[in-house]
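Commentary on secondary and tertiary structure
Here is how the chains run, residue by residue.
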Amino acid sequence: MELEAIPGVGAKTAASLRELDDPVATVESGDVAAIARAPGVNEARAARIARGAIRRRHGDDGRVLATDRARELYREAIDLLRERTVTDYAAKRLETFYPSASASRIAEAQSFAADAADRDPDPAVREALADCAPLSDPPTVRVRDRCLATADAETLARAEAEVPELSVETVEDARDVSELGRSYASVIVLDESFAGLDVEGDVSVRPDALEAPAETVPERLLAFFAENRDRLEAAAAVHEAAAAAGDPVSGGGPPVALDRLRDALSRLDDDGTIAGDAELDRLTAAVDDLDAAVSTAASVADDRLREAIRERDVTIEGTDFLSLVEQGARVDSLLDRELADEYDAAVDAAREHLADALRLEPEEAELAERVFGGDPSFPVDHDESAVSRLRTELSAARDRRAAKLKADLASDLGDLRQPVEELVRDALELDVELAVARFARDFDCTLPEVVEPAGDDGGEAPPAGFRIEGGRSPLLDVDFPDVEPVDYGVSGATLLSGVNSGGKTSTLDLVALVVVLAQMGMPVPAESATVERFEEIHYYAKSQGTLDAGAFEATLRDFGDLVDGADGRLVLVDELESITEPGASAKIIAGILEALDDQDATAVFVSHLAREICAAADFEVAVDGIEAAGLVDGELRVNRSPKKGHLARSTPELIVEKLADDRGGEFYGDLLEKF
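Every chain begins its residue count from 1, and numbering advances along the sequence as written. For a predicted model such as this one, the threshold for reporting local features is a pLDDT of at least 70, and the threshold for listing and counting side-chain atom pairs is 80 or more; totals across whole chains, interfaces and linings nevertheless cover every residue. The side-chain quantities take in all heavy atoms of the structure and omit both hydrogens and water.

Here's the deal with unusual backbone geometry
Phi is positive for Asp 444, which is not a glycine, with a value near 45 degrees. Helix and strand assignments come from DSSP, with helices taken as H or I runs of at least 4 residues and strands as E runs of at least 2, each series counted from the N terminus. Tracing the backbone shows Asp 444 in the loop between helix 21 (417–442) and strand 5 (449–451). Despite not being glycine, Glu 575 shows a phi value in the positive range, around 50 degrees. As for its placement among the helices and strands, Glu 575 is situated in the loop between strand 11 (569–574) and helix 24 (582–598). A residue is classified by how much of its surface remains accessible, and Glu 575, at 13% relative accessible area, is buried. Only protein chains enter the accessibility calculation, which uses a 1.4 Å probe; a residue is then buried when its area is under 20% of its type maximum, exposed when over 50%, and partly exposed in between.

Overview of the packing of helix 12 (residues 218–227) against helix 13 (residues 229–244)
Throughout, an axis means a line fitted to C-alpha atoms (over the contacting stretch in the case of helices), and angles, computed between N-to-C directions, take values from 0 to 180 degrees. Interaxial distance between helix 12 and helix 13 falls to 4 Å at its minimum, and their mutual angle equals 60 degrees. Put simply, helix 12 runs oblique to helix 13. Together, Phe 225, Ala 226 and Glu 227 of helix 12 and Arg 229, Arg 231 and Leu 232 of helix 13 make up the contact between the two elements. When describing relative orientation, an angle under 35 degrees is termed roughly parallel and one over 145 degrees roughly antiparallel, while 65 to 115 degrees is termed roughly perpendicular and anything else oblique. A contact between two residues is defined here by any heavy atoms of the two lying within 4.5 Å.

A few points about the sheet that holds strand 9 (residues 528–532)
In a beta sheet, neighbouring strands are held together by backbone hydrogen bonds and run either parallel or antiparallel to one another. Taken in spatial order, the 4 strands make up an open sheet running 5-9-6-7, and their pairing is mixed. If you trace the sheet from one side to the other, it starts and ends with strand 5 and strand 7 (486–490), each paired once. Direction aside, neighbouring strands of the sheet carry axes that sit 15 degrees apart on average. Bridging between strand 6 (residues 466–471) and strand 7 involves 4 bridges; their strand directions are antiparallel. Residue Arg 467 lies in a different strand from strand 7, and its bridge partner there is Gly 489. Paired strands, as defined in this entry, are two strands with at least two bridges between them according to DSSP.

Observations concerning the pattern of salt bridges
For this document, the term salt bridge refers to a Lys or Arg side-chain nitrogen within 4 Å of an Asp or Glu carboxyl oxygen. Overall, the coordinates contain 47 salt bridges when judged by the stated rule. Close ionic contact of Arg 69 with Glu 76 constitutes a salt bridge, the shortest N to O distance being 3.2 Å. Given the relative accessible area of 27%, Glu 76 is considered partly exposed. Each of the salt bridges in this network shares a partner with another, and the network as a whole consists of Arg 37, Asp 137, Arg 417 and Glu 421.

What about a negative patch on the surface?
A contiguous patch of negative charge, built from Glu 127, Asp 131, Asp 230 and Glu 233, is present on the exposed surface. Along the chain, Asp 131 turns up in the loop between helix 8 (123–129) and strand 1 (146–150). Judged by relative accessible area, which is 60%, Asp 131 ranks as exposed. Patch construction takes residues with relative accessible area above 30% that form no salt bridge. Like charges are linked within 9 Å, and nonpolar side chains (Val, Leu, Ile, Met, Phe, Trp, Tyr) are linked within 5 Å. Values of accessible area rely on a 1.4 Å probe in the Shrake-Rupley scheme; residue burial ignores everything except the protein chains shown. For this count, His and the chain ends are skipped, Lys and Arg are scored as positive, and Asp and Glu as negative. Every charge is mapped onto a representative atom, which is NZ of Lys, CZ of Arg, CG of Asp or CD of Glu.

Function cannot be read off these values alone, since they describe shape.
Pasting the structure below:
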């Protein structure tokens, strides 16, 4: 698949996506977090890219949401789902679900939703999800003590591109390599022509080094795990909580043994260095503390000598002797002649202190002995060149130990790289599933039946339309348990009549919401529902007052385009008569309904002009009504489910009828007859 072929992906975005390990597979997976790891692509952009890839995979080029109000209903539906997520990832991932005209996409999404709705949104799992987040790529780690070397310009360019963590040096012969061996703790030569090279230092010839980055630069893998330690531990906790709740993330268990993962992470420090190795800690501390330990050891020797001098003779002569020594008068001669044994003991004490303070091994202690023991002096002097050599040996031992431990740990973690990606992705996807499950439970949802549009088989059957039983809208400004259920179904062009505040607009909203969710593949808030797979959803909200001539003309143009090939469309219109004078509105609505009826479209027009529209129409218009039961203590009581084939009475008619019953008289009776 060409990345540029994905809707909304241009050349610049495609170039960023190609930085991913497997860009095509990543984009097609719909994994928003993985897509967002491309340079310059945030999660919101990643969701749009994933949605575009889904559209392309299903040949879904249409745009079901054809009007502003239809798009608003979709946003409200998505918000209801997003409110039930824990992670930012899940909130973005839900954006990949959209109302589709593709039967295969709807079926795919319904399969996901069916499995998700069976999930148990256990509070412990949701609590564990709070710390879960997508994996991130750490900044490039610079490794200073190791380099790559090559004599080939092409290999040089490839190495610099593929292993930015290491310096890549140009060499021509063994002497160049030898010089690098003195400058770096480790040198990796990439050219096979140098095989058999015998030079001083840690130099290896590995032509395959670029194919084995975990061995060449284990710091890369260790930095990844160090950067994502908290995310990995959080994902592991999610898997454990879900298993404890009896609803594991996946049937086969976590993709990685969690004990093994935690053991490996325990050997890694937050900065990507090795942790928990006593020998490496000893060598690191020895290098860091060497200067301080030498200084302290010298003080130990000085103190021993000073005490010996004081105790040489407890008379004035001893004090004078000490004064002379401290003035530096022939110190070496005095010490050698008068205090040879005491000086040797002081040096031994210094050596012993240095070895103990740095916890040196026997072979290292032999090097430490050379730090003290030159010509007698007071204060006791040390050999800086011996200190330097000891530092070099300790540093080399430390680096060798660290390199081995890094290589060992990278080897252990190498085969966990892909499984931990799955571990985190599965945990985050669980949050998406639990959001769908909570939505389904909170609003008593069911998966609807989405049927093919009538006539797809070449027949002349009427449109399937929609049928909703026990539907309750979660968009109303009342507690959901208090929402009255609605039964309603329409096939063809229909007028919906009813009293003011009787619920006509709420019914349209419910219909639109159910159809939008159904074509997203999501559960719908109803006891049952059957929905035709519509190509487009046109929902026109109530106009805020009469339109001027220009706006009126533009509105008619919209409807002119709408009725031109309206088959496969759902049209919902709320009180179109408000755009102009009632008499003209009735004629316009009648004409639109005629055109929609000819196209076998499914349409519901809410109107208070049902009688006038029916009189102006050239066909028998279906009329449904939300019937008022009457006025009780000044409040309107309504049967919310529209009654088929029934022209509902208006609020004024109900009031006149109530007055006629309560007060009687010719005036109210005559008014009632006019209705």
